[in-house]
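Structural characterization, general
So the chains spell out like this:
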Amino acid sequence: DAGVTQSPTHLIKTRGQQVTLRCSPKSGHDTVSWYQQALGQGPQFIFQYYEEEERQRGNFPDRFSGHQFPNYSSELNVNALLLGDSALYLCASSPAARYYEQYFGPGTRLTVT
Amino acid sequence: ELKVEQNPLFLSMQEGKNYTIYCNYSTTSDRLYWYRQDPGKSLESLFVLLSNGAVKQEGRLMASLDTKARLSTLHITAAVHDLSATYFCAVDQNFNKFYFGSGTKLNVKP
């Protein structure tokens, strides 16, 4: 079992550009959550996907959007990048029936210049 | 919005000593989680506490939950250098939305 995987590992973008991050959940998991972790801070919940729909959302602007595919993998899209979007983006997966069994992926480090 | 506060934020301790990290949260929840994060790495789940009075132990770490006081503690017994990391507590709302504290950066000195 590969666990939760994310790609790419690192990414450098310029202000105003758009970025897409990808996540494959752990085998048997159907729920995917995305978090933003700024340097020196705790992760902040962005949103969660289940059955290809956004189920919960944190306090993030509409520039942050996502998608879940039928195989439960997920994408996080960020438009009109700002310097403040530089962070580690973490994907976590869990089985819907046992939401508390949340496993985190290795993260994507996004740098906006 | 649910707030989660940890203290201390930084903890430097000698090997062999005991210490406790505290996690307070602002609204009612019966579920609390502890994670460990090594520098440049992702989050590793340590404990899942799902009811009032829950106590779990793994090696030199023990976590407890008091939902009435909205308080969880992570107790470190006879610390060793390998425990150096950042520890986060988190509380979930509506069974899905996790709120994390700012983390406690632990440095165990030989």
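Residues numbered from 1 in each chain as written. Chains lettered and ligands numbered in written order. Predicted model: local features only at pLDDT ≥ 70, side-chain atom pairs only at ≥ 80, totals over all residues. Heavy atoms only, no water.

Turning our eyes to something else, we now look at the state of the cysteines. Residues and elements named next belong to chain A. Going through the model one piece at a time under the given rule, you end up with two disulfides over all chains. Here Cys23 is linked by a disulfide to Cys91, with a sulfur-sulfur distance of 1.8 Å. Around the S-S axis, the bridge from Cys23 to Cys91 shows a dihedral of about -55 degrees and counts as left-handed. Linking Cys23 in strand E3 (residues 19-24) with Cys91 in strand E9 (residues 87-94), this pair joins segments that are 68 residues apart in sequence. Accessibility expressed as a relative area gives 2% for Cys23, which makes it buried. Residue class for Cys91 comes out buried when judged on its relative accessible area of 0%. (Disulfide = S-S within 2.5 Å. Helix = DSSP H or I, 4+ residues; strand = E, 2+ residues; numbered from the N terminus. Buried < 20%, exposed > 50% of the residue type's maximum accessible area, 1.4 Å probe, protein only.)

Here we take up the sheet that holds strand E7 (residues 64-68) of chain A. Strands pair in a sheet through their backbones, by hydrogen bonds, and they do so in one of two ways: parallel or antiparallel. Residue and element names in this part refer to chain A. Read from one edge to the other, the open sheet built from four strands follows the order E1-E3-E8-E7, with strand pairing classed as antiparallel. At either end of the open sheet lies a strand with only one pairing partner, and these are strand E1 (5-7) and E7. Direction aside, the axes of adjacent strands within the sheet are offset by 20 degrees on average. The pairing of E1 with E3 spans three bridges and is antiparallel. The residue of E3 that forms the bridge with Ser7 is Arg22. (Pairing = 2+ DSSP bridges. Axes fitted to C-alpha atoms, helices over the stretch in contact; angles between N-to-C directions.)

Here the focus is the packing of aromatic side chains. Following the criterion strictly, the structure yields eleven aromatic pairs over all chains and no others. Where Phe104 of chain A meets Tyr35 of chain B, the ring centres are 5.4 Å apart and the plane angle is 85 degrees; that geometry is what we call edge-to-face. Here Phe104 of chain A, found in strand E10 (residues 103-104), pairs with Tyr35 of chain B, found in strand E4 (residues 32-37), and the two come from separate chains. Each member of the pair, Phe104 of chain A together with Tyr35 of chain B, is buried. Following the ring pairs from residue to residue traces out a cluster consisting of Tyr35, Phe45 and Phe104 of chain A together with Tyr35, Phe88 and Phe100 of chain B. (Phe/Tyr/Trp six-rings, centres within 6.5 Å; stacked < 30°, edge-to-face > 60°.)

The next point concerns the interface of chain A and chain B. Across the boundary between the two partners, chain A contributes 21 residues, which contact 21 residues of chain B. Here chain A meets chain B over a buried area of about 1,700 Å², counting both sides, of which 52% is carbon and sulfur. Looking at the side of chain A facing chain B, the largest losses of area belong to Gln56, Tyr99 and Tyr100 of chain A, adding up to 34% of the total buried there. Counting every contact that joins chain A to chain B gives zero salt bridges. (Contact = heavy atoms within 4.5 Å. Buried area = accessible area lost by both parts, 1.4 Å probe. Salt bridge = Lys/Arg side-chain N within 4 Å of Asp/Glu carboxyl O.)

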